[in-house]
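Working through the structure, step by step
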Amino acid sequence: MKPRKLLSLLLTAGVLGLLCTSCATTALDNINTYYDEVGAVMDDWFASSTSAGGSATESQSTAAKLDAPADFTLSENGDYSFTGVANADYYLVYFCAPDATGDSDPFLFSSNSIAATGTGGETYSGNIDDLVQYGYGEYLVKVFAFPSLNDSAHAMSTAATATYSFSGAQDAPVVDYLWNTFDGTVDVQVSNIADYMYQVYPDTVEVTFTNTAHAADAVVVTVEDLSADHYNAVSDALTPGATYDITAVAHSESAFVTNPTSDTTQVAQGVTFDGHNVISANYYYTDGIARNSFSYPQYVDRFDLTNGGVFNCGNSSISFNFTATPTAASAGSAYTYSMTSDNRPFAIKDGPLELYTDGTFRFDQYSEMPPQGPSHIEGIWTDNGDGTANLSFDHSTLRTSLDPDY
């Protein structure tokens, strides 16, 4: 099988939750995501709905079915051909499970529309990769003819079918991580999980932390049962204060994966997990579904103690900035700042950031911001001795006005 370019997607729980309200079966999760992320035209979506026959309305039930596309062939290299039929306005290709033989059975992946270019008898051909993004596996592929939306005399055809099998290599994993110094754990995250949707989800991803001072001290953190909704694992086995080199590898026993063990990814070298949080560039987190519009940072590096400035939560569900403006230090604080946020459209009143003399801090935000109101978070800070400080946020201390001890 020839290689195929894969599309990298960023999946969010909010989008998936909205899309899946229209799912007839869990087999449709991929196609719902596909349409949102790849941007297929909306008339195709309404034509296909959640099954090949899902667009039929009561008024169409008495209409004459179009003839099925003729002479449908699909080679092992993905080259397709079929003959058009009279009164067709466009055609759609569906990738279905091998046993989904009924015209109204759910599909897994769907193409954009293929516009009719004649009145029937013309040949449509090309490569299937140019029509639809699909994963490794074995499929029953169907082609349907559809009438114009304004044509009430005709209805969707029955399917022309062909079998198709697609296999290939699994990508090496892309891994990000968060060292939480407050509980001494590391959370590893497979950041390219969306790419595996169009391959096969690995059975496991092994992330190895090798102590640079003691090579025999190697910790393997294994992510298991990977899916679009599960792509991380947490471990407390690392040694605080140690410096590690990090590698990762994926394993799969799928018959459609040509390399059961992926290439090894060099995730990072010389990373020290010590007294502050450590967060890699593309690690993604949220303070919870109720706060997807507001998240505090996990870590701020080299914050200007004298002038304040901007720090953000760029790794979070929605990125926005906090701006710290120095004010007179409060009692018990080495530094005090007035904090504003650009978290539009919500109005956030200024709140204080107090860097206490004991090396801890507290950050408050005010106003009633749906779906939760005022909140605060605590953490630790370290003076770097050059006019800057590093701040680590302890998300276990996150409190809102709904908490009794806010």
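Residues numbered from 1 in each chain as written. Predicted model: local features only at pLDDT ≥ 70, side-chain atom pairs only at ≥ 80, totals over all residues. Heavy atoms only, no water.

Digging into the overall build of the chain
- In terms of regular secondary structure, the chain is built from 4 helices and 26 strands.
- Within the chain, the proportion of its 406 residues that are buried is 47%.
- In the chain, once contacts between residues fewer than 6 apart in sequence are set aside, the share between residues at least 24 apart is 61%.
- Accessible surface for the chain amounts to roughly 18,400 Å². Of this, 50% is attributable to carbon and sulfur atoms. (Helix = DSSP H or I, 4+ residues; strand = E, 2+ residues; numbered from the N terminus. Buried < 20%, exposed > 50% of the residue type's maximum accessible area, 1.4 Å probe, protein only. Contact = heavy atoms within 4.5 Å. Areas by Shrake-Rupley, 256 points an atom, 1.4 Å probe, with all protein chains shown as cover.)

As for the sheet that holds strand β18 (residues 278–279)
- Pairing in this open sheet of 4 strands is antiparallel, and the strands run β15-β12-β11-β18 from one edge to the other. Every other strand in the sheet has two partners, leaving β15 (232–235) and β18 as the edge strands with one partner each.
- One ladder, built from 6 bridges, connects strand β11 (residues 175–180) with strand β12 (residues 185–190); its direction is antiparallel. Within the sheet, the bridge partner assigned to aspartate 176 lies in β12 and is glutamine 189. (Pairing = 2+ DSSP bridges.)

What to know about the packing of aromatic side chains
- A full pass over the atoms with the stated rule returns 33 aromatic pairs.
- Pairing tyrosine 91 with tyrosine 124 gives two aromatic rings, centres 5.0 Å apart and planes at 55°, and the pair type is tilted. Taken together, the residues span a long stretch of sequence, with tyrosine 91 in strand β4 (residues 90–96) and tyrosine 124 in strand β7 (residues 123–127) at a distance of 33 residues.
- Linked through ring pairs, Tyr296, Phe303, Phe311, Phe322, Tyr335, Tyr337, Phe361, Phe363, Trp381 and Phe393 together constitute an aromatic cluster. (Phe/Tyr/Trp six-rings, centres within 6.5 Å; stacked < 30°, edge-to-face > 60°.)

As for the environment of alanine 237
- Within the secondary structure layout, alanine 237 lies in the loop between β15 and β16 (243–251).
- For the pair alanine 237 and phenylalanine 209, spaced 28 residues apart in sequence, the C-alpha to C-alpha distance is 9.9 Å.

Observations concerning the sheet that holds strand β3 (residues 79–83)
- Pairing in this open sheet of 3 strands is antiparallel, and the strands run β2-β3-β7 from one edge to the other. The open sheet terminates on both sides in strands that have one partner only, identified here as β2 (70–74) and β7. Pairwise comparison of adjacent strand axes, ignoring direction, gives a mean angle of 10° for this sheet.
- Across 3 bridges, the pairing between β2 and β3 is antiparallel. Across the sheet, residue leucine 74 finds its bridge partner in β3, namely tyrosine 80. (Axes fitted to C-alpha atoms, helices over the stretch in contact; angles between N-to-C directions.)

A closer look at the environment of asparagine 77
- Secondary-structure assignment places asparagine 77 in the loop between β2 and β3.
- Residue asparagine 77 is classed as partly exposed on the basis of its relative accessible area of 37%.

Describing the side chain of glutamine 298
- Summarising the element assignment, glutamine 298 is placed in the loop between β18 and β19 (299–304).
- Apart from residues no more than four positions distant in its own chain, glutamine 298 is found in contact with Leu178, Asn277, Ile279, Tyr285, Leu391, Ser392, Phe393 and His395.

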